[in-house]
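Take a look at the letters that make up each chain.
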Amino acid sequence: MTGNMNRIFTKAIVRKPCREMVNGLTTAELGKPDYLKALEQHNQYVDILKECGLQVTVLEADSDYPDSTFIEDVAVCTPKCAIITNPGALSRNGEKQGIKPVLQKFYSTIEEITNPGTLDAGDVMIVDNHFYIGISERTNHEGAAQLINILQKYDMTGSEVPLKEMLHLKTGLSYLEQNTLLISGEFVRYPEFEKFSRIIVDGNELYAANSLWINGNVLVPKGFTETKNKIEKAGYKTIETDVSEFRKLDGGLSCLSLRF
């Protein structure tokens, strides 16, 4: 479950931010995002994915859904199948409709989470063939149970992690491969994560707990020097990128892409 097998990613899917993102969901209290700046930051993010060796599919902005640039939440991409989620926020639930034809270009098998189950993929952290599933305001027990049942069909496993403080599991937790977790807040106390090598993110840099491992590089949000240094000290190569406008909508580095 916690082996040293590194995944190799070859593809990513992203969606451009829409002008309506200024009306996106947020608890951050950092003000409204600047759309043009967000567009620039998104372009830089795509460039970095390409530098990391990924073939990137860029989907056009979807004005019907202010949060739709956070494409990670609508699907779980596994080596054996893609699973379309059932996002827990009502204003985001319709985002799942547009992803199926896109995923069908890459996957012959597509599964789906259905009501009454809800699942945001921001609550799903993949470690080898095991999937940790955060039970949050957006992901319920029924959604997690459906995901675990689907995973078991393909010889993969899953387990639930209760959340009390974080929006999503990956708000405070990132798997950096090589049996190493970037971990913060409530998760530091969770016994199930004690078997990993852990890089603890201090509370004042909590946002950087959502960093992103891609093919030997760790993408780190700009401005979190302490966390960046800790990751480098653990032997990783880091790439810093500015995602300040997405932070204003509770969005992090992993939220902006589907990687497989």
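In this text, all values refer to a predicted model and were calculated from it rather than measured experimentally.

Where do I start with the nonpolar core in this structure?
Grouped together as the largest cluster of nonpolar side chains are 37 residues, with contacts concentrated most on Tyr45, Leu49, Leu176, Ile214, Leu219 and Ile231. Breaking this core down by element, the ones donating at least two residues are strand 1 (11-15), helix 1 (35-51), strand 11 (197-201), strand 12 (212-214) and strand 13 (217-221). It is helix 1 that contributes the most residues to this core, 6 residues altogether. Filtering out sequence-adjacent residues up to four positions away, tyrosine 45 remains in contact with Val14, Leu212, Leu219, Leu253, Leu256, Ser257 and Arg259.

Hey, could you run me through the pattern of salt bridges in this one?
Charged atoms that come close allow side chains of opposite charge to pair. For the structure shown, the criterion picks out 15 salt bridges. Glutamate 177 is the partner of arginine 7 in a salt bridge, and the nearest nitrogen-oxygen pair spans 3.0 Å. Residue arginine 7 is located in the segment before strand 1, and its partner glutamate 177 is located in the loop between strand 9 (173-175) and strand 10 (180-184); the two are separated by 170 residues in the primary sequence. Classification of glutamate 177 as buried rests on a relative accessible area of 0%. The salt bridge involving lysine 100 is made with glutamate 112; its shortest N-O contact spans 2.9 Å. Here lysine 100, found in helix 2 (residues 100-103), pairs with glutamate 112, found in strand 5 (residues 110-112); they are 12 residues apart in sequence, far enough to count as distant. Residue classification places lysine 100 among the partly exposed positions, given a relative accessible area of 32%. Through salt bridges that share partners, Lys37, Glu245 and Lys248 make up one connected network.

Sorry, what's going on with the side chain of lysine 248 here?
Structurally, lysine 248 is set in the loop between helix 5 (244-247) and strand 15 (258-259). Take lysine 248: its relative accessible area is 18%, and that puts it in the buried class. At 2.9 Å, the side chain of lysine 248 forms a polar contact with the side chain of glutamate 245. Here lysine 248 is in contact with Thr26, Ala28, Leu30, Gly31, Lys32 and Pro33, once residues within four sequence places are set aside.

Just checking my understanding: could you explain the sheet that holds strand 5 for this structure?
Sheet strands pair via backbone hydrogen bonds, and the direction of the pair is either parallel or antiparallel. Here we have 3 strands laid out as an open sheet, ordered 3-4-5, and mixed in their pairing. In this open sheet, the two edge strands, each paired with only one partner strand, are strand 3 (75-77) and strand 5. The mean angle between the axes of side-by-side strands here comes to 20°, regardless of whether they run parallel or antiparallel. Sitting on the sheet, helix 3 (residues 141-153) touches strand 4 (82-84) and strand 5, and the angle it makes with strand 5 is about 155°.

What am I meant to see in the pairing of strand 14 (residues 237-241) here?
Strand residues, when the strand is regular, have side chains that alternate between the two faces of the sheet. Sheet topology note: the strand 13/strand 14 ladder contains 5 bridges and is parallel. Residue pairing for strand 14: proline 221 is matched across the bridge by threonine 241. With respect to chirality, the unit in which strand 13 leads through helix 4 (residues 225-233) into the neighbouring parallel strand 14 is right-handed.

How should I be thinking about the sheet that holds strand 13 in this particular structure?
A sheet is described by the order of its strands in space; here 3 strands give the open sequence 12-13-14, paired in mixed fashion. The open sheet is flanked by strand 12 and strand 14, the only strands paired with a single partner. Neighbour to neighbour, the strand axes of the sheet diverge by 30° on average, direction disregarded. Packing against the sheet, helix 4 makes contact with strand 13 and strand 14, and its axis sits at approximately 160° to strand 14.

About the criteria used
- For every chain, the first residue of the written sequence is number 1, and numbering continues from 1 along that sequence.
- A pLDDT threshold of at least 70 governs which residues receive local features in this predicted model, and a stricter bar of 80 or more applies before side-chain atom pairs are shown or counted, although totals over entire chains, interfaces and linings include all residues.
- Only hydrogens and water are set aside when side-chain values are computed; all heavy atoms of the structure are taken into account.
- Side-chain atoms within 4.5 Å are what join buried Ala, Val, Leu, Ile, Met, Phe, Trp, Tyr and Cys residues into a set we call a nonpolar core.
- Using a 1.4 Å probe on the protein chains alone, a residue whose accessible area is under 20% of its type maximum counts as buried, one over 50% counts as exposed, and one in between counts as partly exposed.
- Strands here are runs of E lasting at least two residues and helices are runs of H or I lasting at least four, both read from the DSSP assignment and numbered beginning at the N terminus.
- Two residues qualify as a contact provided that any one of their heavy atoms is within 4.5 Å of a heavy atom in the partner residue.
- Each salt bridge in this description consists of a side-chain nitrogen of Lys or Arg and a carboxyl oxygen of Asp or Glu lying within 4 Å of one another.
- For this analysis, a polar contact is any N or O atom pair within 3.5 Å, provided that within protein one partner can donate a hydrogen and the other can accept it, and provided that sequence-adjacent residues contribute only side-chain to side-chain pairs.
- Here, any two strands with at least 2 DSSP bridges between them count as paired.
- Between N-to-C directions, angles cover 0 to 180 degrees, with each direction set by a line fitted to C-alpha atoms, over the stretch in contact for helices.
- Crossovers are described as right-handed under a simple rule: with the strands pointing away from the observer, the path leading from the first strand over the helix to the second runs clockwise.

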